[in-house]
Amino acid sequence: MKSYNLTHLKELESEAIYVIREVAAQFENPALLFSGGKDSIIVAHLARKAFYPAKLPFPLVHIDTGHNFPETIDFRDKYVEKIGAELIVGSVQESIDEGKVVEEKGYNASRNGLQTVTLLDTIEKHKFDVAMGGARRDEEKARAKERFFSHRDEFGQWEPKNQRPELWNIFNGNKNFGEHFRVFPISNWTEMDVWQYILHENIELPMLYFAHEREIFMRDNVIMAKCDFIPQKETEQTENRVVRFRTIGDMTCTGAVDSDAGTLEAIIEEVSATRVTERGTRADDKRSEAAMEDRKKQGYF
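This is a predicted model, so every value here is computed, not measured.

1. A closer look at the packing of helix 1 (residues 7-26) against helix 2 (residues 38-51)
Here is step 1 of the chain: It is the contact of helix 1 with helix 2, at a shortest axis distance of 9 Å, that shows an interaxial angle of 70°. Relative to helix 2, the element helix 1 is oriented roughly perpendicular. Touching Glu13, Ala16, Ile17, Ile20, Arg21 and Ala24 of helix 1 are Val43, Leu46, Ala47, Lys49, Ala50 and Phe51, all from helix 2.
Here is step 2 of the chain: The class makeup of the residues in the contact of helix 1 with helix 2 is nine nonpolar, no polar and three charged.

Next comes the structure, spelled out in structure tokens:
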């Protein structure tokens with residue numbers, strides 16, 4: 001195993017555990033948003049450290065679009081069973097069936113944006129006053145505006161110009177009735193920090209993150225996984241290619257990258273050399289210049 005200078009990871013780990021414990025101290029009914037992706041896996045790992053040897057004192061919440069990678073769902077279920085956590089699943093399909101959201105049509109249709117309604121309904125149904133997530137400030141420019149404690153109003157909306165100062169890591173979780181918070185314990189981590197920590201802690205991940213052969217097709221210079229959820233155009237030919245995924249969200253908006261990185265060490269080397277951002281293959285971020293910020297203002301993750 002290649003040796004890395006990991007002293008900064010201990011500081012990031014301590015900071016994140018401190019934030020998670022602050023959540024447990026300040027709020028009555030927390031939840032941890034868990035997608036089965038590497039960032040949410042790390043937050044769950046840190047939470048387990050924060051409260052060891054006790055079990056997690058809050059449930060994991062997954063907002064399932066119904067168009068997730070099967071490998072992600074399989075990993076989610078095995079992981080929850082392994083750590084003995086409670087899992088709550090909010091279903092976008094149920095939101096569609098109940099007429100709360102309208103499914104998009106056409107070649108570029110995606111359920112990713114529909115998750116907002118399902119997420120807010122799930123928070124309301126279970127009366128969560130805070131939901132922790134794995135978002136990081138380096139992911140996307142709208143993410144960079146977030147505090148650790150992100151206040152949401154009674155409609156679940158986020159106002160980037162109305163955030164509270166967090167001097168000396170003093171967090172203000174005060175809220176009015178009906179409001180809630182989103183908290184991001186690994187805000188200060190980078191993609192490289194995440195991968196080095198995964199290697200250092202030997203954290204298990206879905207195989208999607210590692211190079212594997214898969215049926216794919218090209219759309220607007222993005223490598224898309226062939227699946228039943230994405231209608232292909234006649235000009236989009238299927239082929240087998242060795243790829244991996246840097247993010248593993250909804251299949252309809254998540255692109256792959258050509259890669260032969262089959263180990264954590266190889267992924268770290270690849271990430272250190274890439275000039276494409278982690279979310280550079282996410283179609284949902286390209287719908288407009290402010291796509292992520294618009295979704296977050298509406299209550300997105």
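There is more to say after this.
2. Some remarks on the sheet that holds strand 7 (residues 212-219)
Here is step 1 of the chain: Taken in spatial order, the four strands of this closed barrel run 7-8-10-9, and their pairing is antiparallel. Direction aside, the axes of adjacent strands within the sheet are offset by 70° on average.
Here is step 2 of the chain: Bridging between strand 9 (residues 239-244) and strand 10 (residues 255-258) involves two bridges; their strand directions are antiparallel. Bridging from a neighbouring strand, arginine 244 pairs with valine 257 of strand 10.

3. As for the packing of helix 6 (residues 191-201) against helix 7 (residues 264-273)
Packed helices, taken two at a time, are described by the angle their axes make and the gap between the axes.
Here is step 1 of the chain: Between helix 6 and helix 7, the least distance of the axes is 10 Å, while the angle of their chain directions is 165°. Relative to helix 7, the element helix 6 lies roughly antiparallel. The handedness of the crossing between helix 6 and helix 7 is left-handed. Side by side, helix 6 and helix 7 meet where Glu191, Met192, Trp195, Gln196, Ile198 and Leu199 of the first sit next to Leu264, Glu265, Ile267, Ile268, Val271 and Ser272 of the second.

4. Focus on the pairing of strand 5 (residues 149-152)
When a strand is regular, its side chains alternate between the sheet's two faces.
Here is step 1 of the chain: What you see with strand 5 is no split at all: Phe149 and His151 on one side and Ser150 and Arg152 on the other are buried throughout.
Here is step 2 of the chain: The pairing of strand 5 with strand 6 (residues 180-183) spans four bridges and is antiparallel. Paired with serine 150 across the bridge in strand 6 is arginine 182.

5. Re the sheet that holds strand 6
Here is step 1 of the chain: One open sheet accounts for six strands, arranged 3-2-1-4-6-5; its pairing is mixed. Both outer strands of the open sheet, strand 3 (87-91) and strand 5, are each paired with one neighbouring strand and no more. Each adjacent strand pair in this sheet contributes to an overall mean axis angle of 30°, direction not counted.

Here is what the cut-offs are and how they apply
- For every chain, the first residue of the written sequence is number 1, and numbering continues from 1 along that sequence.
- Confidence filtering applies because this is a predicted model: local features only for residues at pLDDT of at least 70, side-chain atom pairs given and counted only at 80 or more, and all residues used for totals across whole chains, interfaces and linings.
- Hydrogens and water molecules were not included; the side-chain quantities draw on all heavy atoms of the structure.
- Convention adopted: a line fitted to C-alpha atoms gives each axis, helices being fitted over their contacting stretch, and angles between N-to-C directions are expressed from 0 to 180 degrees.
- Strands here are runs of E lasting at least two residues and helices are runs of H or I lasting at least four, both read from the DSSP assignment and numbered beginning at the N terminus.
- When describing relative orientation, an angle under 35 degrees is termed roughly parallel and one over 145 degrees roughly antiparallel, while 65 to 115 degrees is termed roughly perpendicular and anything else oblique.
- We call two residues contacting when some pair of their heavy atoms lies within 4.5 Å.
- When residue character is reported, Ala, Val, Leu, Ile, Met, Phe, Trp, Tyr, Cys and Pro are called nonpolar, Asp, Glu, Lys and Arg charged, and the others, Gly included, polar.
- The pairing criterion for strands is at least two bridges between them, as found by DSSP.
- Two helices cross in a left-handed way if the nearer one is turned anticlockwise from the farther one by less than a right angle. They cross in a right-handed way if the turn is clockwise.
- Whether a residue is buried, partly exposed or exposed follows from its accessible area with a 1.4 Å probe, protein chains only, as a fraction of its type maximum: under 20%, in between, or over 50%, in that order.

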